[in-house]
Amino acid sequence: MSQRVAVIGLGYIGLPTAAILASHGYQVLGVDVSDKHVNAVNAGQIPFVEPDLGTHVAGAVSQGLLTAQKDTPKADIYIIAVPTPFAEGYQADLSYIDAATDALLPQLQGGELVILESTSPPGATQHLADRITAARPELTTDQAGGERNVDVAHCPERVLPGRVMVELVENDRIVGGLTPRAAERAKELYSSFCRGEIFLTDAVTAEMAKLTENSFRDVNIAFANELSIIAEKVGIDVFELIELANKHPRVNILQPGPGVGGHCIAVDPWFIVSAVPEHARLIRTAREVNDSKPEYVISKVLGHIEGKDAPVIAALGLAFKPDIDDMRESPALEIAKSLAERAPGATVLAVEPNIEELPARLHGTSNLRLATIEEALTDADVVALLVDHREFKAVAADQLGSTPVVDTRGVWRSEAK
Ligand code: SAJ
């Protein structure tokens, strides 16, 4: 009989994982606290946008291999894929992991495999295991087998939103077991669908690997963002500078922008900083550099409308990266909002081709409204290019006329000079 896998959290990571396991022969029971997510999945639909996910979910549900519910059922394998936001003082908030663990506790009888996929600070997997044994002292998590042992492993997700269904299959994975047996069992599960290599290690190394990957990006983006300010001060084009420096065989600088957004790169480095604050100096500074970039952009835009009566600001893009509608932790959205608040006499025309209406966070800002790109470019006294959406790349620099431009992504750099 096929093994039953309960996937707890049917979000951006849990649902794709549930669907792919179902299409590889597992009986998958999805669990979510949200009625919207449970109902959507049971109807064979998806509650958020992700290419190719819909086909996988519809197929698995129609074959009876994937169902969703609010209560945690009995299963052979549990995968926890719930959010880990940060709380006060940038500490990781483990309350969703704790709640998911508490819900599966009564179902354990020994012999199960529990996998934590949520991005976690060092020690979170052990914390989960300790929670199990504290509530169920007759169970163990540190034995190499035995019928009362529950195997616990950490297997962080590494997929890029927008390419999840491809990267789930193609990317290498890291599996950290609290015991070698836990790691081996988790590897067997992921081998069913993962064509990348699966590397085994201990749980803390796996936790740190995930945080390190996102911190690596953050530090490198901070370098690019710092360079963008330095380049401006010495009067050169940062995009040309980076392009030329990257011709060196051992240099690969990332791109500057208006700041770093999304729920991963702007969050995860803090988990390292809060774990070892006195030694994570570079990682902390990178976060601060990236977090301060929106303010720099805002000042530049405001400088262009100083002294103007009822100026119009075109804010091109609100999403956190190109060609998506995701606005989580988006610096573009924060910049547009701050411009409207700090220049109450101005009108901010926000252009975001991927949405139909403004997100709730912008509802209270009466001098900001959605506009078409044509309207924004015609009326603007200053244009702030905040996201390199394909629609903006299609605009030729000469369409901007003599309107001042703050191009944070270098879209019009060669022509606009
Ligand atoms: N960004 C720049 N300059 C760059 C690259 C990115 O300013 O050169 C900005 C983007 O505009 C965006 C932010 O960084 O605001 C993050 O975008 P991203 O596309 O680089 O990454 P995410 O946050 O969508 O996904 C990351 C990925 N991690 C890595 O590439 C190391 C993904 O593989 C992870 O699974 C995901 O975080 C996660 O869930 O942790």
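For clarity, every value in this text was computed on a predicted model and none was experimentally measured. (Residues numbered from 1 in each chain as written. Predicted model: local features only at pLDDT ≥ 70, side-chain atom pairs only at ≥ 80, totals over all residues. Heavy atoms only, no water.)

### Side note on the site of the ligand
Reasoning step 1: Around the ligand sit 20 residues, and of these Glu157, Val159, Lys210, Asn214 and Gln255 come closest.
Reasoning step 2: In the environment of the ligand, an oxygen atom lies 2.9 Å from a nitrogen or oxygen atom belonging to the backbone of Gly261.
Reasoning step 3: Protein chains bury 88% of the 770 Å² of accessible surface belonging to the ligand in isolation.
Reasoning step 4: Broken down by element, the residue count for the shell around the ligand peaks at five residues, all from helix 8 (residues 203-233).
Reasoning step 5: Here the shell around the ligand is built from residues that sort into nine nonpolar, three polar and eight charged.
Reasoning step 6: In this structure, the shell around the ligand is formed jointly by two domains, domain 1 (4-211) and domain 2 (297-416), each of which donates at least three residues. (Near = heavy atom within 4 Å. Polar contact = N/O pair within 3.5 Å; in protein donor to acceptor, adjacent residues only side chain to side chain. Areas by Shrake-Rupley, 256 points an atom, 1.4 Å probe, with all protein chains shown as cover. Helix = DSSP H or I, 4+ residues; strand = E, 2+ residues; numbered from the N terminus. Nonpolar A, V, L, I, M, F, W, Y, C, P; charged D, E, K, R; others polar. Domains from an automatic or database assignment.)

### With respect to the sheet that holds strand 13 (residues 405-407)
Reasoning step 1: With parallel pairing, the five strands of this open sheet are ordered in space as 11-10-9-12-13. Every other strand in the sheet has two partners, leaving strand 11 (368-370) and strand 13 as the edge strands with one partner each. Put simply, the sheet's adjacent strands are angled 20 degrees from each other on average, direction ignored.
Reasoning step 2: With four bridges joining them, strand 9 (residues 312-316) and strand 12 (residues 382-385) adopt parallel strand pairing. Following the sheet pairing, Ala315 is matched in strand 12 by Ala384. (Pairing = 2+ DSSP bridges. Axes fitted to C-alpha atoms, helices over the stretch in contact; angles between N-to-C directions.)

### Considering the domain arrangement of the chain
Accessible area lost upon the coming together of the parts serves often as the stated size of an interface.
Reasoning step 1: For the chain, the assigned domains read domain 1 (4-211) and domain 2 (297-416).
Reasoning step 2: If you average the C-alpha positions of domain 1 and of domain 2, the two centres end up 39 Å apart.
Reasoning step 3: Each side of the interface is counted separately: domain 1 has four residues, and domain 2 has four residues.
Reasoning step 4: A combined buried area of about 310 Å² lies between domain 1 and domain 2, and 51% of that area is made up of carbon and sulfur atoms.
Reasoning step 5: Linking domain 1 to domain 2 there are zero salt bridges.
Reasoning step 6: Remark: the boundary between domain 1 and domain 2 carries zero residue pairs in polar contact (both at pLDDT 80 or more).
Reasoning step 7: Here the side of domain 1 that touches domain 2 is built from residues that sort into four nonpolar, no polar and no charged. (Contact = heavy atoms within 4.5 Å. Buried area = accessible area lost by both parts, 1.4 Å probe. Salt bridge = Lys/Arg side-chain N within 4 Å of Asp/Glu carboxyl O.)

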